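The primary structure of each chain is shown beneath.
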Amino acid sequence: SVSLKSSDPRDAPRIDPNYLATEEDRLVAAESLRHARMMMGVSPLSSLDPEEVFPGPHLISDEDLAASAGDISASIFHPVGTCRMGPDTEMESVVDSHLKVHGTKGLRVVDASIMPQIVSGNTNSPTLMIAEKAAEMILKDYD
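Residues numbered from 1 in each chain as written. Predicted model: local features only at pLDDT ≥ 70, side-chain atom pairs only at ≥ 80, totals over all residues. Heavy atoms only, no water.

Visitor: I would appreciate a short explanation of the packing of helix H1 (residues 23–40) against helix H2 (residues 62–72) in the present structure.
Guide: The packing of two helices is summarised by the inter-axis angle and the distance between the axes. Two elements in contact, H1 and H2, have axes separated by 8 Å at closest approach and are oriented at 90°. With respect to H2, the axis of H1 lies roughly perpendicular. Taken together, the residues of H2 that come into contact with H1 (itself represented by Arg26, Leu27, Ala29, Ala30, Leu33, Arg34 and Arg37) are Asp62, Leu65, Ala66 and Ala69. Its residues assigned to classes, the contact of H1 with H2 shows 7 nonpolar, no polar and 4 charged. (Axes fitted to C-alpha atoms, helices over the stretch in contact; angles between N-to-C directions. Helix = DSSP H or I, 4+ residues; strand = E, 2+ residues; numbered from the N terminus. Parallel < 35°, antiparallel > 145°, perpendicular 65-115°, else oblique. Contact = heavy atoms within 4.5 Å. Nonpolar A, V, L, I, M, F, W, Y, C, P; charged D, E, K, R; others polar.)

Spelled out as structure tokens, the structure:
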């Protein structure tokens with residue numbers, strides 16, 4: 001979720017991605033750590049004599065593993081689709097093809113969040129192209 005930290009528009013927003021917020025998320029995290037442990041214990045990786053440092057072999061329960069996953073993990077994902085582009089008849093769409101927010105005036109979204117689905121590569125180049133196209137559209141609107 002994204003919320004305001006204060007009434008000062010210069011303050012950065014408070015962003016909480018709600019990682020491991022659901023029971024299913026926590027179970028997947030715990031099982032993922034168990035799976036990584038299992039993989040390290042079989043050939044050919046086991047021949048390298050790997051040693052678990054994090055989260056540590058003493059952690060066994062779902063609760064402990066999920067808590068540790070939250071402590072040691074970081075997101076490498078590039079969130080997209082949170083303000084997906086599409087016609088205002090689509091419930092999930094937020095912006096139109098000119099990146100204008102449905103039902104508002106003077107508000108656009110110009111970032112990776114407008115992509116309906118994540119691209120197969122890194123999101124940096126497509127996001128730069130979105131920004132360039134948006135700049136053209138904005139300039140055209142004010143000519």
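Visitor: For this particular structure, what's the right way to read the side chain of Ser113?
Guide: Its location among the elements puts Ser113 in the loop between H2 and helix H3 (124–141). In contact with Ser113, not counting residues within four places along its chain, are Val80, Gly81, Thr82, Cys83 and Arg84.

Visitor: I'm lost on the layout of surface pockets in this one. Help?
Guide: Empty space within the largest pocket amounts to approximately 440 Å³. Here the lining of the largest pocket is built from residues that sort into 9 nonpolar, 3 polar and no charged. (1 Å grid on protein atoms, 1.4 Å probe; cavity = no way out; pocket = protein on both sides within 12 Å on 5 of 7 lines; lining within 4 Å. Points joined across faces, edges and corners; volume = space filled by probe spheres on them.)

Visitor: Would you mind going over the pattern of salt bridges with me for this structure?
Guide: Oppositely charged side chains can pair when the atoms bearing their charge come close. Evaluated as defined, the whole model comprises 7 salt bridges. Across the pair Asp8 and Arg10 runs a salt bridge, and its minimum N-O distance is 3.3 Å. Judged by relative accessible area, which is 25%, Asp8 ranks as partly exposed. A relative accessible area of 75% places Arg10 in the exposed class. One salt bridge connects Glu31 with Arg34, and the closest N-O pair in it is separated by 2.9 Å. Of the two residues, Glu31 and Arg34 both sit in helix H1, 3 residues apart, roughly one turn of that helix. Here the residues in one salt-bridge network are Glu31, Arg34 and Asp62, joined through shared partners. (Salt bridge = Lys/Arg side-chain N within 4 Å of Asp/Glu carboxyl O. Buried < 20%, exposed > 50% of the residue type's maximum accessible area, 1.4 Å probe, protein only.)

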